[in-house]
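Residues per chain, in single letters:
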Amino acid sequence: MAERDYKLPIPVADEESRPFFEGAKQRKLMILRCTRCGTWRLPTRERCADCWSTEFEWAQASGRGKLYTFGIMHQQYHPSFAEAIPYNFAFVELEEGPRLVTNIVDCPNEELRTDMPVEAVFDDVSEETTLIRFRPRSLTPGPSPSQRERGDRRSG
Ligand SMILES: [Zn+2]
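Quick look at the structure, then. Only a predicted model underlies this, so the values are computations on that prediction, with no experimental measurement involved. (Residues numbered from 1 in each chain as written. Predicted model: local features only at pLDDT ≥ 70, side-chain atom pairs only at ≥ 80, totals over all residues. Heavy atoms only, no water.)

1. Examining the coordination of the zinc ion
For step 1, the next point in the chain: Around the zinc ion, the donor atoms from the protein are Cys-34 (SG), Cys-37 (SG), Cys-48 (SG) and Cys-51 (SG), and they sit 2.3 to 2.4 Å away.
For step 2, the next point in the chain: Site description for the zinc ion: donor spacing in sequence, C-x2-C-x10-C-x2-C. Here Cys-34, found in strand 1 (residues 29-34), pairs with Cys-51, found in the loop between strand 2 (40-41) and strand 3 (56-61); they are 17 residues apart in sequence, far enough to count as distant. (Donors = N, O, S within 2.8 Å, 3.2 Å for Na, K, Ca; no water. Helix = DSSP H or I, 4+ residues; strand = E, 2+ residues; numbered from the N terminus.)

2. A closer look at the sheet that holds strand 2
For step 1, the next point in the chain: Spatial strand order, 2-1-3: 3 strands in an open sheet with antiparallel pairing. Since the sheet does not close on itself, it has two edges, and those belong to strand 2 and strand 3, each with one partner.
For step 2, the next point in the chain: Relative to the sheet, helix 1 (residues 18-25) contacts strand 1 and strand 3, its axis offset from that of strand 1 by approximately 140°. (Pairing = 2+ DSSP bridges. Contact = heavy atoms within 4.5 Å. Axes fitted to C-alpha atoms, helices over the stretch in contact; angles between N-to-C directions.)

3. Here's the deal with unusual backbone geometry
For step 1, the next point in the chain: In this model, Ile-85 is joined to Pro-86 through a cis peptide bond whose omega is -10°.
For step 2, the next point in the chain: By secondary structure assignment, the location of Pro-86 is in the loop between strand 4 (64-73) and strand 5 (87-94).
For step 3, the next point in the chain: Phi is positive for Arg-27, which is not a glycine, with a value near 65°.
For step 4, the next point in the chain: Mapped onto the elements of the fold, Arg-27 is located in the loop between helix 1 and strand 1.

This is the structure in structure tokens:
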């Protein structure tokens with residue numbers, strides 16, 4: 001992949017979130033699953049919301065979900081975001097249940113709608129870091145995202 005001039009702050013993986021970022025590099029959305037009752041949760045949650053257990057395993061989520069809610073940022077809260085304004089921030093509710101904060105890509109801000117189906121895309125912002133964002137997903141079952149990408153990018 002070509003080098004990119006990515007200026008926004010890049011999140012740094014700590015011990016607890018490392019499997020999430022390692023998974024992202026391998027095109028996997030990794031979240032926690034309670035080993036007692038099977039409820040999914042994000043690494044930010046110490047305990048299962050269902051059975052209060054602290055036991056978990058890292059497991060691959062489907063990457064599919066829906067746009068739960070979103071906002072458009074017009075104000076500059078951080079100097080490095082100046083060129084990105086206006087940008088969206090979104091809460092995506094995964095099929096597995098947890099909601100995560102992300103951005104919606106491949107969609108003009110004006111076309112964002114709550115409940116629209118979305119799927120994870122993996123954005124290599126640096127050699128070390130891949131961020132997980134989401135893009136609109138068609139409602140009708142069609143080719144998998146990878147097949148669609150191959151079709152879209154014939155002139156590599
Ligand atoms: Zn549980």
